[in-house]
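# Inside the fold
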Amino acid sequence: QILTRPDTEKGEQDHLFPSMLPGGRAVLFTVARAGGGVDNSQVAALDLESGRTTTLVRGGSHAIYVDSGHLVYAAAGGLRAVRFDPDRLTISGDPVAVVEQVQTLGSGAAQFDVSRTGTLVFMPGNEDAVASVARPMVWVDRSGREQAINAPAHGYVLPRLSPDGKRVALDVRDQTEDIWIWDLERETLTKLTTSVSSNTWPIWTPDGTHIVFTSARDGRGQNLFRQRADFTGVAERLSTSVGTQHATSFS
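Residues numbered from 1 in each chain as written. Predicted model: local features only at pLDDT ≥ 70, side-chain atom pairs only at ≥ 80, totals over all residues. Heavy atoms only, no water.

### A few points about the side chain of D171
By the secondary structure assignment, D171 is in strand β14 (residues 167-173). D171 gets classed as buried once you look at its relative accessible area, which sits at 0%. A distance of 2.8 Å separates polar atoms of two side chains, one belonging to D171 and the other to R173. Not counting chain neighbours up to four residues away, the residues in contact with D171 comprise G155, Y156, V157, L158, D178, I179, N199, T200, W201 and P202. (Helix = DSSP H or I, 4+ residues; strand = E, 2+ residues; numbered from the N terminus. Buried < 20%, exposed > 50% of the residue type's maximum accessible area, 1.4 Å probe, protein only. Polar contact = N/O pair within 3.5 Å; in protein donor to acceptor, adjacent residues only side chain to side chain. Contact = heavy atoms within 4.5 Å.)

Here it is, written out as structure tokens:
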């Protein structure tokens, strides 16, 4: 069932980042406008009973509701919070800064999440500047204590733990963009992909035998491929599309 359609005559390009409000009566979403960027975006709420859309924030995106009665959203390269009534779908008061710098994509997607009780997790800094920086891998427990992993520093992005917990698939963005696998028991780092094109966004199949990833090989756009995780065989194309595709989870 289609809930909204972008109004192109008003400069709307996409409706993104839906987030249900308590009770399921309304949903937050971001209106991305022509020209892109968070500054051009708007946070809106759709009343599912009446079908009415209310603009809540101009110059912001990717809003999440917190039980304290606030919206936390991306704006001006950081995060802001503003008081919000989820029943009346109204904003009150002035927004306040929560975090000054949070990685935010051109789409308006911000690298953060916040629990309903107010615990915030985020990636600081600028997305492009951070991605290629060589850095170590660590385990972090739920209290925030770090334990070093004995792996060489690289531009690690999007680490994904294998189903058996013994290996980590890594999107490594140094001079090239390739998928590597770190073996936690053997302490070995091995390159999986060999194509000269970019190879990014790895996820494991549920049985741990393959890795699905995004690649721009063959000049057909950023599509999905699958390759055996034991370093045998070649990559198998899963999709052909002019649009960019990233696998994020398996059912």
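### As for the packing of aromatic side chains
Applying the stated criterion to the full structure yields two aromatic pairs. With a centroid separation of 6.1 Å and an interplanar angle of 70°, the aromatic rings of Y65 and F84 are classed as edge-to-face. Of this pair, Y65 sits in strand β5 (residues 61-66) while F84 sits in strand β7 (residues 78-85), and the two are 19 residues apart along the sequence. In this pair, the class of Y65 matches that of F84, namely buried. For the ring pair F213 and F225, a centre distance of 6.1 Å and an interplane angle of 20° mean the geometry is stacked. (Phe/Tyr/Trp six-rings, centres within 6.5 Å; stacked < 30°, edge-to-face > 60°.)

### With respect to the side chain of S215
Here S215 is to be found in strand β18 (residues 210-215). A distance of 3.2 Å separates a polar side-chain atom of S215 from the backbone oxygen of S198. Ignoring anything within four residues of it in the chain, the contact list for S215 reads S197, S198, N199, G221, Q222, N223 and F225.

### Examining the pattern of salt bridges
This structure, assessed with the given rule, holds seven salt bridges. Of the charged contacts, one joins R186 and D183 as a salt bridge, the two residues approaching to 3.0 Å between their closest N and O atoms. Residue class for R186 comes out exposed when judged on its relative accessible area of 64%. We classify D183 as buried; its relative accessible area is 11%. (Salt bridge = Lys/Arg side-chain N within 4 Å of Asp/Glu carboxyl O.)

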